[in-house]
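Observations on the model geometry
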Amino acid sequence: DSHIARGILPGWKWDEDAAKKLLQSGATAIVCFNDDLALWLWKIAEEMGLQVPRDISILGIDNTFHAQYRGLSSIEYS
């Protein structure tokens, strides 16, 4: 059973409370619309005591240098 969560960016502003709710939702994987959001979500997950990818998988899109450096799985989009 899949679930799509929306609301991380109300008004295009990253919402930490929405991110925490998503991370606590029981999701096993999250696909973000870019690497910056994925890396930010990873930071929030770690602050909550979660380990990526053991507790939750996070995927970005862009395949940026920062994603590669951090070890984030990312899809190259052109």
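Everything below is about the structure shown above.
Below is a summary of the structure that appears in this document. Only a predicted model underlies this, so the values are computations on that prediction, with no experimental measurement involved. (Residues numbered from 1 in each chain as written. Predicted model: local features only at pLDDT ≥ 70, side-chain atom pairs only at ≥ 80, totals over all residues. Heavy atoms only, no water.)

Remarks on helix α2 (residues 35-47)
Compared with the 18 Å implied by 1.5 Å per residue over 13 residues, the 18 Å span of α2 between its first and last C-alpha is a close match. The set of residues buried in α2 consists of D35, L37, A38, L39, W40, L41, W42, I44 and A45. Considering only its buried residues, α2 is in contact with α1 (16-23), β1 (29-31), β2 (57-61), α3 (65-70) and β3 (73-75). The opening residue of α2 is N34, an N-cap whose side-chain oxygen sits 3.1 Å from the backbone nitrogen of D36. (Helix = DSSP H or I, 4+ residues; strand = E, 2+ residues; numbered from the N terminus. Expected span 1.5 Å × (residues − 1). Buried < 20%, exposed > 50% of the residue type's maximum accessible area, 1.4 Å probe, protein only. Contact = heavy atoms within 4.5 Å. Polar contact = N/O pair within 3.5 Å; in protein donor to acceptor, adjacent residues only side chain to side chain.)

Quick look at the pattern of salt bridges
Enumeration according to the criterion identifies four salt bridges in this entry. Here E46 ties to R70 by a salt bridge, and the two come within 2.9 Å at their closest N and O atoms. One end of the pair, E46, is in helix α2; the other, R70, is in helix α3, with 24 residues separating them in the sequence. Under the relative-accessibility criterion, E46 is labelled partly exposed at 40%. The residue D55 makes a salt bridge to R54 at a minimum N-O spacing of 3.0 Å. Looking at R54, the relative accessible area reads 60%, which means it is exposed. (Salt bridge = Lys/Arg side-chain N within 4 Å of Asp/Glu carboxyl O.)

Structural notes on the sheet that holds β2
The strand order β1-β2-β3 describes an open sheet built from three strands, whose pairing is parallel. Every interior strand has two partners, whereas the edge strands, β1 and β3, have only one. Within the sheet, the average angular offset between the axes of one strand and its neighbour, ignoring direction, is 20 degrees. Note that β2 and β3 share three bridges and pair parallel. Bridging from a neighbouring strand, L59 pairs with S73 of β3. Across the sheet, α2 is in contact with β1, β2 and β3; its angle to β2 comes to roughly 155 degrees. (Pairing = 2+ DSSP bridges. Axes fitted to C-alpha atoms, helices over the stretch in contact; angles between N-to-C directions.)

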